[in-house]
Structure formats: structure tokens, C-alpha cells
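Architecture and fold: a report
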Amino acid sequence: MSLLRVVGRPMLASMFVAGGLHSLRNPAQVAPAAEPIVRPVTDRVSALPDSTEQLVRLNGAVQVVGGVLLGLGRCPRLAALAVAATLVPTTLAGHRFWEAEDPSERAQQRIHFLKNVSMLGGLLIAADDTGSSPSLLWRGRHAARGLRHDAHLVHRSVKATARPAATAGGVRAKLGV
């Protein structure tokens with residue numbers, strides 16, 4: 001693993017571990033800001049808890065677990081995707097700059113919104129990073145290409161030896177051997 005991955009993944013993950021711990025410990029502080037996002041989602045997805053505080057805790061738990069896994073380099077692609085999935089509602093709930101009346105508050109919220117969009121981009125890059133080893137898709141295509149090549153060689157070999165074998169069998173049959 002490269003030095004950039006060893007250093008970069010924990011740096012990217014640190015914000016999610018810290019933010020997720022805060023959401024786990026103090027969901028009541030985060031719940032009012034999350035309410036405008038949580039209600040429409042829970043109305044459509046019945047599998048999610050109805051309580052905003054429970055959903056905030058769930059979101060925080062996914063961020064902590066995903067951040068720790070990403071930082072340690074364990075299942076980093078899946079961890080990055082999980083954390084990215086939690087970042088979208090967190091950003092939409094917490095940094096609604098378009099609703100801020102005060103220009104300085106609007107500017108601060110826009111900065112935080114764009115920071116989260118930037119982190120989302122980093123997470124998507126991390127989710128696509130195979131760590132210098134070929135992806136499963138490449139390995140599957142490569143194996144299929146190898147199998148097609150081997151099948152073609154077997155077909156040519158059988159075709160090349162079948163005619164002489166048939167001729168030899170016909171000659172033996174005529175000779176009564």
C-alpha cells in the first residue's frame with residue numbers, strides 16, 4: 001500500500017469518526033437540524049426508524065464504523081461508500097445556506113456545504129480506489145478472455161487431430177484390424 005493511502009485514508013476518516021461520535025453522544029443537539037430531511041425520507045422508507053434522534057444516532061454509528069474501517073484500511077471501498085451515503089443527508093440537513101438570512105451566516109454555511117461536497121468527492125475517489133490491485137470487474141474480464149483463448153486452442157487442436165484420426169480409423173476398419 002502506498003504512503004499516500006496509509007496517511008490519506010485516516011485523514012479523510014477523522015472528520016467522520018469525530019462527527020459520528022458527536023451524533024451518537026448528543027443526538028438531541030443534531031435532531032432539530034435533521035428534522036426537515038428526516039421526515040420526507042422516513043415517510044417513503046418504512047424500514048427506517050420514525051424517531052429523528054434514532055436516525056441521527058444510526059447515521060452517527062455508520063459514520064464512526066465506516067470512518068474507523070476507512071482509517072484502518074479494512075474494506076476501505078465499502079467503508080467510503082457507507083460514509084458517503086451518510087454525508088449527503090448530513091450536508092443537506094446541516095448546511096442549508098440557501099435558507100440563511102444573515103449574509104455572514106449564509107457565507108459560513110456555504111463554505112461548510114462546499115467542504116462537505118469536497119469530502120464527498122474524496123470519498124467517491126476512495127470508494128473507486130482498488131489499492132493498485134485489479135478490480136473484480138477487470139479480473140473477471142481477464143479470466144473470461146483467458147477461458148475464451150483456451151477454448152479456442154482446444155477447438156483448433158480437436159479440429160486439427162480429428163480428421164487424421166477419422167481417416168486412420170477408416171483405414172483400420174477397411175483392413176479389419
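This report concerns the structure included in the present document. Numbers given to residues run from 1 along each chain, matching the order in which its sequence is written. Per-residue local features are limited, in this predicted model, to residues with pLDDT of at least 70; the limit for side-chain atom pairs, both in listing and counting, is 80 or more; totals at the level of whole chains, interfaces and linings are taken over all residues. In computing side-chain properties, one takes all heavy atoms of the structure into account and sets aside hydrogens as well as water.

Within the largest apolar cluster, 13 residues are counted, with the highest numbers of intra-cluster contacts made by Leu12, Phe16, Leu70, Ala80, Leu87 and Leu123. Those elements that provide at least two residues to this core are helix H1 (3-25), helix H4 (76-94) and helix H5 (103-128). A helix here means a DSSP run of H or I that spans at least four residues, while a strand means a run of E at least two residues long, and both kinds are numbered starting from the N terminus. Of all the elements, H4 adds the most residues to this core, at 5 residues. Among the buried residues, those of types Ala, Val, Leu, Ile, Met, Phe, Trp, Tyr and Cys that are joined through side-chain atoms within 4.5 Å form a nonpolar core. Any residue under 20% of the maximum accessible area for its type is buried, any over 50% is exposed, and the rest in between are partly exposed; the area is computed with a 1.4 Å probe on protein chains only. Formed by 6 residues, the second largest nonpolar core is a distinct cluster that contains Ala34, Leu55, Val56 and Ala93.

Our focus in this paragraph is the packing of H1 against H5. Simply put, an axis is a line fit to the C-alpha atoms, just over the touching stretch for a helix, and the angle between two N-to-C directions goes from 0 to 180 degrees. For the pair H1 and H5, interaxial distance at closest approach is 11 Å and the crossing angle is 125 degrees. Taken together, H1 and H5 sit at an angle that is classed as oblique. The way H1 lies across H5 gives a crossing that is left-handed. Every residue of H5 that contacts H1 at Leu12, Met15 and Phe16 is listed here: Lys115, Met119, Gly122, Leu123 and Ala126. Classifying every residue of the contact of H1 with H5 by side-chain character gives 6 nonpolar, 1 polar and 1 charged. Angular relationships are summarised with four words: roughly parallel below 35 degrees, roughly antiparallel beyond 145, roughly perpendicular across 65 to 115, and oblique for the angles in between. In this scheme the crossing of two helices becomes right-handed for a clockwise turn of the near helix relative to the far one and left-handed for an anticlockwise turn of less than a right angle. Contact between two residues is taken to exist if any of their heavy atoms lie within 4.5 Å; hydrogens are not considered. Polar here means any residue outside two lists: the nonpolar Ala, Val, Leu, Ile, Met, Phe, Trp, Tyr, Cys and Pro, and the charged Asp, Glu, Lys and Arg; Gly therefore counts as polar.

Turning our attention to unusual backbone geometry. Notably, cysteine 75 is not glycine yet its phi reads approximately 50 degrees, a positive angle. As for its position among the elements, cysteine 75 is in the loop between helix H3 (52-72) and H4.

By definition here, a salt bridge exists when the distance from a side-chain nitrogen of Lys or Arg to a carboxyl oxygen of Asp or Glu is within 4 Å. Counting across every chain of the model gives 4 salt bridges. Aspartate 129 is the salt-bridge partner of arginine 9, the closest N and O atoms lying 3.3 Å from each other. Note that arginine 9 is positioned in helix H1 and aspartate 129 in the loop between H5 and helix H6 (136-175), a separation of 120 residues in sequence. One network of salt bridges, in which partners are shared, links Arg5, Arg9 and Asp129.

Don't take any of this as a statement about function, it's just geometry.
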